[in-house]
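Letter by letter, the chains look like this.
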Amino acid sequence: MDQAVIGHEKRSGSGTGTAAEEPQVEQEPYLSASSAHIKDVVPTTKLQFLVIFIALTLAIFCVALDNTIIVTAIPRITDDYRTLNDVGWWVDLLAANLIIFILT
């Protein structure tokens, strides 16, 4: 018995029939419903890529600058409050602040 796989269906044939006797089943592409729109995607231009790249670079720079300011200010904060035990709390609060603003 001859078996053939067409699309996602498995059918068996006698192997003696001609191609005109067997129904033609078009093979389905292996794309999910959510990725079927990939053909409609328009590629970005160089200007769009440059704008996106600069925006992301500035965002990373602002986060790095903020971290640099905080690290520089921690010794002054510990001197003002005369305690080194609370540094962990300040760093945790600053990290929580960053996480909250990333989520929004």
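Just above, that's the structure.
## Structural notes on the overall build of the chain
Of the regular secondary structure elements, the chain holds two helices and two strands. Its helices and strands in sequence order give the chain the pattern β-β-α-α, from N to C terminus. Relative to its 104 residues, the chain shows a buried fraction of 8%. Surface accessibility of the chain: about 9,600 Å² in total, with carbon and sulfur atoms responsible for 66%.

## Some remarks on the layout of surface pockets
Of the volumes computed, that of the largest pocket is approximately 240 Å³. Lining the largest pocket are 13 residues; nearest its centre among them are D66, N67, L94, A95 and L98. Looking at the lining of the largest pocket element by element, the count peaks at seven residues for helix α1 (residues 46-81).

## Re the pattern of salt bridges
Throughout the structure, instances matching the rule amount to one salt bridge. Measuring nitrogen to oxygen at the nearest pair gives 3.6 Å for the salt bridge that ties D80 to R76. Of this pair, D80 and R76 both sit in helix α1, separated by four residues, roughly a single helical turn.

## A word on unusual backbone geometry
Residue R82 is not a glycine yet carries a positive backbone phi of 55°. Mapped onto the fold, R82 is located in the loop between α1 and α2 (87-103). The exposure class of R82 is exposed, given its relative accessible area of 76%.

## Re the side chain of T83
As for its placement among the helices and strands, T83 is situated in the loop between α1 and α2. Among the polar contacts listed, one links the side chain of T83 to the backbone nitrogen of N85, at a separation of 3.3 Å. Those residues in contact with T83, other than ones at most four positions away along the chain, are T78 and W90.

So, how was this worked out
Residues numbered from 1 in each chain as written. Predicted model: local features only at pLDDT ≥ 70, side-chain atom pairs only at ≥ 80, totals over all residues. Heavy atoms only, no water. Helix = DSSP H or I, 4+ residues; strand = E, 2+ residues; numbered from the N terminus. Buried < 20%, exposed > 50% of the residue type's maximum accessible area, 1.4 Å probe, protein only. Areas by Shrake-Rupley, 256 points an atom, 1.4 Å probe, with all protein chains shown as cover. 1 Å grid on protein atoms, 1.4 Å probe; cavity = no way out; pocket = protein on both sides within 12 Å on 5 of 7 lines; lining within 4 Å. Points joined across faces, edges and corners; volume = space filled by probe spheres on them. Salt bridge = Lys/Arg side-chain N within 4 Å of Asp/Glu carboxyl O. Polar contact = N/O pair within 3.5 Å; in protein donor to acceptor, adjacent residues only side chain to side chain. Contact = heavy atoms within 4.5 Å.

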